[in-house]
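The residues making up each chain are set out below.
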Amino acid sequence: MSRPEWQLRPARPQDRALIKRFACAAPTVPWEREAEHFIQHGLCDWAFDTFARKNDPRLLLLFHRKSGELVGVAAHERTELRYGRTQPFAATKLEVVAIARKWQGQRFKSGDRVSDVLLSAVMTDVAARVPPRHARVFAIAHEKNVRSIAALVRHGLVEELSRVDPSYRRLVTPHRR
Ligand SMILES: CC(C)(COP(=O)(O)OP(=O)(O)OC[C@H]1O[C@@H](n2cnc3c(N)ncnc32)[C@H](O)[C@@H]1OP(=O)(O)O)[C@@H](O)C(=O)NCCC(=O)NCCS
């Protein structure tokens, strides 16, 4: 079986410079610029800060194997959710999911959509964490970020939590035991 066209690995501190250059935003789209700014200026501290370790932060990088280009960035961490008076339980927050501008809307030669490869990799990584924290996986998306919402829904974030900010939706997977 041939190797896939892409390669996924966790980020390392040496990747800081590469991540700082990662461009995923259209200049006129504020919610994309917000994501890009966080990736370039906050994500490495979020991932590598020793104080953050208790949240099991995971920063994943998707590369095009042949060219070595950084195609996508995704990050998730442990959080807690609680319903009503129940005990809080371990869940996961998708901190960011982004594809480099050149690769947005694209498919690999295999036919796999780049966004699906990235989202599948993230969901697989979440499912493999020990101790488990995949009972529910949620993400916050600007209500006008239709591409992000469509990709999250395709990967199972089909329910909605109440909004904390009126412009941002909180999408979540159905409860898994
Ligand atoms: C969000 C993101 C990862 C999605 O990846 P993508 O490769 O651009 O998008 P996809 O090719 O997967 O398209 C997603 C869906 O949106 C649809 N879509 C694309 N452009 C659209 C538009 N302008 N209006 C409505 N729907 C649109 C696509 O048709 C697809 O829907 P489908 O399943 O019905 O075919 C990518 O756009 C990105 O990195 N954006 C910048 C960073 C960001 O905003 N991240 C999210 C917040 S952290």
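Placed above this text is the structure.
Keep in mind that what you see is a predicted model, and the values were worked out from it rather than measured.

What counts and what doesn't
Residues numbered from 1 in each chain as written. Predicted model: local features only at pLDDT ≥ 70, side-chain atom pairs only at ≥ 80, totals over all residues. Heavy atoms only, no water. Near = heavy atom within 4 Å. Polar contact = N/O pair within 3.5 Å; in protein donor to acceptor, adjacent residues only side chain to side chain. Areas by Shrake-Rupley, 256 points an atom, 1.4 Å probe, with all protein chains shown as cover. 1 Å grid on protein atoms, 1.4 Å probe; cavity = no way out; pocket = protein on both sides within 12 Å on 5 of 7 lines; lining within 4 Å. Sits in = over half its atoms within 2 Å of the grid points. Helix = DSSP H or I, 4+ residues; strand = E, 2+ residues; numbered from the N terminus. Nonpolar A, V, L, I, M, F, W, Y, C, P; charged D, E, K, R; others polar. Core = buried A, V, L, I, M, F, W, Y, C linked by side-chain atoms within 4.5 Å. Buried < 20%, exposed > 50% of the residue type's maximum accessible area, 1.4 Å probe, protein only. Contact = heavy atoms within 4.5 Å. Pairing = 2+ DSSP bridges. Axes fitted to C-alpha atoms, helices over the stretch in contact; angles between N-to-C directions.

A. Spotlight on the site of the ligand. In the vicinity of the ligand, 16 residues are found, and the nearest of them are Val 97, Ile 99, Gly 105, Ser 115 and Asn 145. Between the ligand and the protein, one listed contact pairs an oxygen atom with a backbone N or O atom of Gly 105 at 2.7 Å. Side-chain polar atom of Arg 113 to an oxygen atom of the ligand: 3.1 Å apart, as the coordinates give it. About the coverage of the ligand: the protein hides 68% of its 960 Å² of free accessible area. Most atoms of the ligand, that is more than half of them, are within 2 Å of grid points of the largest pocket. Looking at the shell around the ligand, the elements with two or more residues in it are β4 (89–99) and α5 (146–154). Looking at the shell around the ligand, the element that brings in the most residues is α5, giving five residues. Class assignment for the residues of the shell around the ligand results in seven nonpolar, five polar and four charged.

B. Focus on the nonpolar core. Within the largest apolar cluster, 42 residues are counted, with the highest numbers of intra-cluster contacts made by Ile 39, Leu 59 and Leu 94. Secondary-structure elements contributing two or more residues to this core are α3 (43–48), β2 (58–64), β3 (70–81), β4, α4 (114–127), β5 (137–142) and α5. Filtering out sequence-adjacent residues up to four positions away, Leu 59 remains in contact with Arg 9, Pro 10, Ala 11, Ile 19, Leu 43, Ala 47, Phe 48, Val 73, Ala 74 and Ala 75.

C. Quick peek at the sheet that holds strand β1 (residues 6–10). Sheet architecture is open: seven strands sit in the order β1-β2-β3-β4-β5-β7-β6, paired in mixed fashion. In this open sheet, the two strands that pair with only one neighbour each are β1 and β6 (159–161). Averaged over neighbouring strand pairs, the angle between their axes works out to 30° when direction is ignored. With three bridges connecting them, β6 and strand β7 (residues 168–172) associate as antiparallel partners. The partner of Leu 161 across the bridge, within β7, is Arg 170. Lying on the sheet, α4 is in contact with β1, β2, β3, β4 and β5; it crosses β4 at an angle near 155°.

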